[in-house]
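An overview of the molecular structure
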Amino acid sequence: MHPPSRQDYISISLAGQGGGSYNNSTQWRRQSCWRKWKQLSRLQRSLILILLFICGIASYPAVTEHLRGKNLMDNNWVSCVYFLPEARLLEAVQEAFLHSWKGYKDFAWGHDELRPLSKSYSEWFGLGLTLIDALDTMWILGLKKEFEEAKSWVATELTFNKSVDVNLFESTIRILGGLLSTYHLTGDILFLDKAKDIGSRLMPAFNTPSKIPYSDVNIGKGTAHPPRWTSDSTVAEVTSIQLEFRELSRLTQEPHYQAAVAEVMKQVHKLDGKLDGLVPMFINTNNGQFTHQGIYTLGARADSYYEYLLKQWIQGGKTENQLLEDYLQAIEGVKKNLLQKSSPNGLTFVGEIAHGQFSPKMDHLVCFLPGTLALGAHNGLPADHMDLAKQLMETCYQMYIQMETGLSPEIVHFNMHQGSTRDIDVKLADRHNLLRPETVESLFYLYRFTKDHKYQDWGWEILQNFNKYTKVSSGGYTSINNVRDPDYPSPRDKMESFFLGETLKYMYLLFSDDPNLISLDQYVFNTEAHPLPIWPSTHRLTDTGIQM
Ligand code: DMJ
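Because the structure is a prediction, the values reported are computed rather than measured. (Residues numbered from 1 in each chain as written. Predicted model: local features only at pLDDT ≥ 70, side-chain atom pairs only at ≥ 80, totals over all residues. Heavy atoms only, no water.)

It is worth spelling out the overall build of the protein chain at this point. For the protein chain, the helix and strand inventory stands at 19 helices and 18 strands. Among the 548 residues that make up the protein chain, the fraction classed as buried is 61%. Taking all contacts inside the protein chain whose residues are at least 6 apart in sequence as the whole, residues at least 24 apart take part in 69%. For the protein chain, the exposed surface amounts to about 20900 Å²; the carbon and sulfur share of it is 52%. (Helix = DSSP H or I, 4+ residues; strand = E, 2+ residues; numbered from the N terminus. Buried < 20%, exposed > 50% of the residue type's maximum accessible area, 1.4 Å probe, protein only. Contact = heavy atoms within 4.5 Å. Areas by Shrake-Rupley, 256 points an atom, 1.4 Å probe, with all protein chains shown as cover.)

Structure representation (structure tokens):
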């Protein structure tokens, strides 16, 4: 293996992107739209102008309002996606997916993750993680040929009968979740059979003194254990496997999957040590108590606890009141303890509490929250959740656009003192971008529910920046080390499976104007973006987990 040359990995796929130097001015963005406009043929331009003219006469105020945009930092910029047909937006995501898939197919086929620069792969569980995570994305994007190839690998090569340690949470959300959703979308029993196989092999994780599951399971030997250095599990991990195991019980009519994950929720519900509904980050598998108390975050190790409270309630038909109460209380806890505004521009952000002290630190992972809040509001929860969702969405976008590459770092710190000259600081160790999905995920929800095109614009900008700074010419996209250096963002040589499982799927759904393409009234996405059905009214549960 040799270190890649810069030319090797930087690949500018779309014209009109500027020369790589950072310039986030209004003028730059207008120029960017202007260049795209100039790329259109004379016929295309004339057609658009005629259409705009007709619409403009019919509804002048509505059009001008739409075109004006409502960006916090710039009240005058013109929507780029407004000039692009929906088909072109969708095609751009398909191109990104196919480019990723080419890299995976050429250099990592059947392995967990692509290493696009060294043209090789890395193994985590040795179960074809990227391929399984990407199955339903291919189906949704309409990439039938690629889907069929992947399906035949699942049919002929995928086996869970091997002595390998897997992380319970990661394999539940990516593998079990991916197989269940693919089964629902395609109706192909192959995926249900595989889901049953991995689901049953993960169950030994629940054999602990407290019934709070261990983090790791050997799926071949049927043994489970905590990490080497502790007997604790992560709170987000043990509380974000419920959608998948509940669905497995519903499909198989075997209640023990659902019972095991419901027991975890029941215990966590009753535990001492919460702060206004906010949970600590660790839980002990021997005594079932929270440990390392005093840190409260919506970021790593706690994030999807909150997401799954709401989503389980939705999945079960909004009858499990305890889940809803815990969710509503937690959101009030966020507002009371974690919400602040930055200086000088007053961006609303979610910080952390560490041993009684507020820290203005926010992980990119927290950017799932605008989408979750919006989903709650769509399902009848208070309208102020939607207001907060919009404010946080703006902040997450600013975490991208204020960086020199236009890509968010993993963690930011907000300035709060008067006289600050910028809102966002990034520590040296936090400058990486792993191609994470959370902001695009939230953009999708916000666009679906508001139809405000600025959310598509923001997603479009993010896609251009992924193309510009993370695309590897020989195939695939790579995580980068430094979002603040557009000249050398320093590639990490890894494409995470969630880039295909989540980021590109949400990007595609963001650009689609079809509300029935995974209707949010029929499906609920697990935390790895795998859609699972909202249960029909014939299968509703009460608080005790008893079917009504
Ligand atoms: C994914 O595996 C899931 O979205 C999880 O909830 C958080 N981490 C990654 C993506 O960032």
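With that out of the way, let us pick up the site of the ligand. In the neighbourhood of the ligand, the contacting residues comprise Ile173, Arg174, Leu365, Arg436, Pro437, Glu438, Phe498, Glu502, Thr527 and Glu528. Interatomic distance of 2.7 Å between a side-chain N/O atom of Glu438 and an oxygen atom of the ligand. Contact distances for the ligand include 2.7 Å between an oxygen atom and a side-chain N or O atom of Glu502. Across the complex, the protein chains shield 92% of the 290 Å² of accessible surface that the ligand would expose by itself. Assessed atom by atom at 2 Å from the grid points, the ligand resides in the largest pocket. A per-class count over the shell around the ligand returns four nonpolar, one polar and five charged. (Near = heavy atom within 4 Å. Polar contact = N/O pair within 3.5 Å; in protein donor to acceptor, adjacent residues only side chain to side chain. 1 Å grid on protein atoms, 1.4 Å probe; cavity = no way out; pocket = protein on both sides within 12 Å on 5 of 7 lines; lining within 4 Å. Sits in = over half its atoms within 2 Å of the grid points. Nonpolar A, V, L, I, M, F, W, Y, C, P; charged D, E, K, R; others polar.)

Here three strands make up an open sheet; going across it, the order is β9-β12-β13 and the pairing antiparallel. Unpaired on one side and paired on the other, β9 (295–296) and β13 (357–359) mark the two borders of the sheet. (Pairing = 2+ DSSP bridges.)

Helix length check: helix α13 (residues 303–315) (13 residues) gives 19 Å between terminal C-alpha atoms against 18 Å at 1.5 Å per residue, within 8%. Most of α13 sits out of view: 13 of its 13 residues are buried. Looking one or two residues beyond α13, the residue adopting positive phi is Gly317, at roughly 85°. (Expected span 1.5 Å × (residues − 1).)

Another aspect to go through is the confidence of the model for the protein chain. For the protein chain, the average pLDDT comes to 90, and 86% of its residues sit at 70 or higher. The model gives residues 1–31 a pLDDT under 50, and that stretch makes 60 contacts with residues more than four places away or in other chains. (pLDDT = per-residue confidence, 0-100.)

Once that is clear, we can look at the pairing of strand β15 (residues 411–414). The alternating pattern of β15 places Ile411 and His413 on one face and Val412 and Phe414 on the opposite face, and all of these are buried. Relative to β15, strand β14 (residues 361–363) runs antiparallel, the two sharing three bridges. Paired with Lys361 across the two strands is His413, which belongs to β15. Taken together, the two bridges between β15 and strand β16 (residues 424–425) define a ladder with antiparallel strand orientation. For Phe414, the partnering residue across the bridge sits in β16 and is Ile424.

If you walk across this open sheet you meet the three strands as β14-β15-β16, and the pairing is antiparallel. Taken across any chain shown, the strands that pair with only one partner, and hence form the sheet edges, are β14 and β16.

Let us now look at the packing of helix α8 (residues 168–186) against helix α9 (residues 189–202). The contact between α8 and α9 brings their axes to 8 Å, and the two run at 160°. Relative to α9, the element α8 is oriented roughly antiparallel. In this structure, α8 crosses over α9, and the sense of that crossing is left-handed. Seen from α8, the contacting residues are Leu168, Ser171, Thr172, Ile175, Leu176, Leu179, Leu180, Thr182, Tyr183 and Thr186; seen from α9, they are Ile189, Phe191, Leu192, Lys194, Ala195, Ile198, Gly199 and Leu202. (Axes fitted to C-alpha atoms, helices over the stretch in contact; angles between N-to-C directions. Parallel < 35°, antiparallel > 145°, perpendicular 65-115°, else oblique. Left-handed = near helix turned anticlockwise from the far one by under 90°.)

Across soluble globular proteins, nonpolar side chains show a tendency to be buried alongside one another. Counting 152 residues, the largest nonpolar core has Leu135, Leu298 and Met362 as the members making the most contacts within it. In contact with Leu298, not counting residues within four places along its chain, are Leu278, Asp303, Tyr306, Val334, Leu338, Val350, Val366, Phe368 and Leu369. (Core = buried A, V, L, I, M, F, W, Y, C linked by side-chain atoms within 4.5 Å.)

The end-to-end C-alpha separation of α9 is 20 Å, in line with the 20 Å expected for 14 residues at 1.5 Å each. Within the sequence span of α9, burial applies to Leu190, Phe191, Leu192, Lys194, Ala195, Ile198, Gly199, Arg201 and Leu202.

Turning to the environment of Thr291, a few remarks are in order. Residue placement: Thr291 occurs in strand β8 (residues 290–291). Counting along the chain gives 58 residues from Thr291 to Ser233, while the straight-line C-alpha distance between them is 9.5 Å. Not counting chain neighbours up to four residues away, the residues in contact with Thr291 comprise Asp232, Pro280, Phe282, Ile283 and Asn284. At a separation of 2.9 Å, a polar atom in the side chain of Thr291 contacts the side chain of Asp232.

Attention now goes to the state of the cysteines. If you walk through the whole model with that rule in mind, you get one disulfide. Between the sulfur of Cys367 and that of Cys396 lies a disulfide, 2.1 Å long from S to S. Since a negative S-S torsion denotes a left-handed disulfide, the Cys367-Cys396 link at about -100° is left-handed. Of this pair, Cys367 sits in the loop between β14 and α15 (369–378) while Cys396 sits in helix α16 (residues 383–401), and the two are 29 residues apart along the sequence. According to the relative accessible area criterion, Cys367 is buried, its value standing at 0%. (Disulfide = S-S within 2.5 Å.)

Put simply, helix α18 (residues 454–470) and helix α19 (residues 497–511) touch, their axes get as near as 9 Å, and they point 140° apart. As summarised for this structure, α18 and α19 are arranged oblique, according to the angle between their axes. Remark: the crossing between α18 and α19 carries left-handed chirality. Across the interface between the two elements, Tyr455, Gln456, Gly459, Trp460, Ile462, Leu463 and Phe466 of α18 pack against Phe499, Thr503, Met507, Leu510 and Phe511 of α19. Of the residues in the contact of α18 with α19, the class split is nine nonpolar, three polar and no charged.

Next up on the list: the packing of aromatic side chains. With the rule as written, the count across this model stands at 23 aromatic pairs. Measuring from ring centre to ring centre gives 5.8 Å for Trp101 and Trp109, while their planes differ by 80°; the resulting arrangement is edge-to-face. Residue Trp101 is classed as buried on the basis of its relative accessible area, which comes to 2%. Relative to Tyr445, the ring of Phe444 lies with its centre 5.1 Å away and its plane at 50°, an arrangement referred to as tilted. Exposure remark for Tyr445: the relative accessible area of 1% places this residue in the buried category. The structure contains a cluster of three or more aromatic residues connected by ring pairs, namely Phe444, Tyr445, Phe449, Tyr506 and Phe525. Seen from the ring of Trp139, Lys144 lies directly overhead, with NZ or CZ sitting 5.1 Å from the centre. (Phe/Tyr/Trp six-rings, centres within 6.5 Å; stacked < 30°, edge-to-face > 60°. Lys NZ or Arg CZ within 6 Å of the ring centre and 35° of its normal.)

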